[in-house]
Amino acid sequence: MNTLSISVINLFLFILTPFVVPHIVLEQKTLIEAVVRSFGMMKKIWTEVVACVIFLGILVFGVFLTYLLIQTAFGMVSPYETVTHPTHIWIALGFLYDLAFLTFAFVVATIGGIATLDLYTSTKSVQMPGSPEPEPHS
């Protein structure tokens, strides 16, 4: 139950503050300013952010279901009920699966970072109604 609570809090913070790092790194803002600006930007493009989170969530959920399917197929869902010891082949296959899972996690994190930066730059470049016209460059 504690893990679920912490996961919900992390998801809430992830959804509300995706632009904190770009504000801190690119605009040299403090943490509080970055959180406030991130929340303001989120109100403008919340649908795009939700679409990205849902897409990445579906990918992660698919990998998780694959993991459960493999575990269920080989009777390893409950390690306390498993009485046989895995052979060297199973250990090697498990290591390769874990390596693939770790690689997938890095790929999803990278795609999420790229999507966040793209949303950040597109939101910053869009002229919002009621805002002053940008001055032309000479």
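Residues numbered from 1 in each chain as written. Predicted model: local features only at pLDDT ≥ 70, side-chain atom pairs only at ≥ 80, totals over all residues. Heavy atoms only, no water.

Quick notes on the overall build of the protein chain
Summing up its helical and strand segments, the protein chain has four helices and zero strands in all. Order of helices (α) and strands (β) in the protein chain, N terminus to C terminus: α-α-α-α. Evaluated residue by residue, the protein chain yields a buried proportion of 15% over its 138 residues. For the protein chain, long-range pairs separated by at least 24 residues make up 59% of all intrachain contacts whose partners lie at least 6 apart in sequence. (Helix = DSSP H or I, 4+ residues; strand = E, 2+ residues; numbered from the N terminus. Buried < 20%, exposed > 50% of the residue type's maximum accessible area, 1.4 Å probe, protein only. Contact = heavy atoms within 4.5 Å.)

Observations concerning the pattern of salt bridges
As enumerated under the stated definition, the model contains one salt bridge in all. The partner of Arg-37 in a salt bridge is Glu-27, with the nearest N and O atoms 3.4 Å apart. With a gap of 10 residues between them, Arg-37 in helix α3 (residues 31–73) and Glu-27 in helix α2 (residues 20–27) connect regions that are remote in the sequence. Assessed through its relative accessible area of 22%, Glu-27 is described here as partly exposed. (Salt bridge = Lys/Arg side-chain N within 4 Å of Asp/Glu carboxyl O.)

Some words on the confidence of the model for the protein chain
On average, residues of the protein chain score 75 in pLDDT, and 78% of them are at 70 or above. Within the protein chain, helix α1 (residues 2–16) has the poorest average pLDDT of any element, 74, and α2 the best, 83. Note on residues 130–138: pLDDT under 50 across the span, and three contacts to partners over four residues away in sequence or across chains. (pLDDT = per-residue confidence, 0-100.)

Here's the deal with the side chain of Ser-38
Relative to the helices and strands, Ser-38 is located in helix α3. At a separation of 3.2 Å, a polar atom in the side chain of Ser-38 contacts the main-chain amide nitrogen of Phe-19. (Polar contact = N/O pair within 3.5 Å; in protein donor to acceptor, adjacent residues only side chain to side chain.)

As for the packing of α2 against helix α4 (residues 88–125)
Close contact between α2 and α4 brings their axes to 10 Å; oriented N to C, the two are set at 65°. On the basis of their axis angle, the class for α2 and α4 is roughly perpendicular. In this structure, the crossing between α2 and α4 has a hand that is right-handed. Together, Pro-22, His-23, Leu-26 and Glu-27 of α2 and Thr-116, Leu-117, Tyr-120 and Lys-124 of α4 make up the contact between the two elements. Within the contact of α2 with α4, the residues separate by chemical class into four nonpolar, two polar and two charged. (Axes fitted to C-alpha atoms, helices over the stretch in contact; angles between N-to-C directions. Parallel < 35°, antiparallel > 145°, perpendicular 65-115°, else oblique. Left-handed = near helix turned anticlockwise from the far one by under 90°. Nonpolar A, V, L, I, M, F, W, Y, C, P; charged D, E, K, R; others polar.)

Structural notes on a nonpolar patch on the surface
Among the surface-exposed residues, Ile-89, Trp-90, Leu-93, Phe-95, Leu-96, Leu-99, Leu-102 and Phe-106 lie close enough to one another that they form a single nonpolar patch of about 850 Å² accessible area. With respect to the helices, strands and loops of the structure, Trp-90 is situated in helix α4. Since its relative accessible area comes to 35%, Trp-90 is described here as partly exposed. (Patch = residues over 30% accessible without salt bridge, like charges linked within 9 Å, V, L, I, M, F, W, Y side chains within 5 Å. Areas by Shrake-Rupley, 256 points an atom, 1.4 Å probe, with all protein chains shown as cover.)

So, the packing of aromatic side chains
Summed over all chains, the structure comprises two aromatic pairs. Measuring from centroid to centroid gives 6.2 Å for Phe-19 and Tyr-120, while their planes differ by 40°, and the two rings are tilted. Residue Phe-19 is located in the loop between α1 and α2, and its partner Tyr-120 is located in helix α4; the two are separated by 101 residues in the primary sequence. Between Tyr-97 and Phe-101 the ring centres are 6.4 Å apart and the planes differ by 15°, which places this aromatic pair in the stacked class. Separated by four residues within a single helix, Tyr-97 and Phe-101 lie in helix α4, roughly one turn from each other. (Phe/Tyr/Trp six-rings, centres within 6.5 Å; stacked < 30°, edge-to-face > 60°.)

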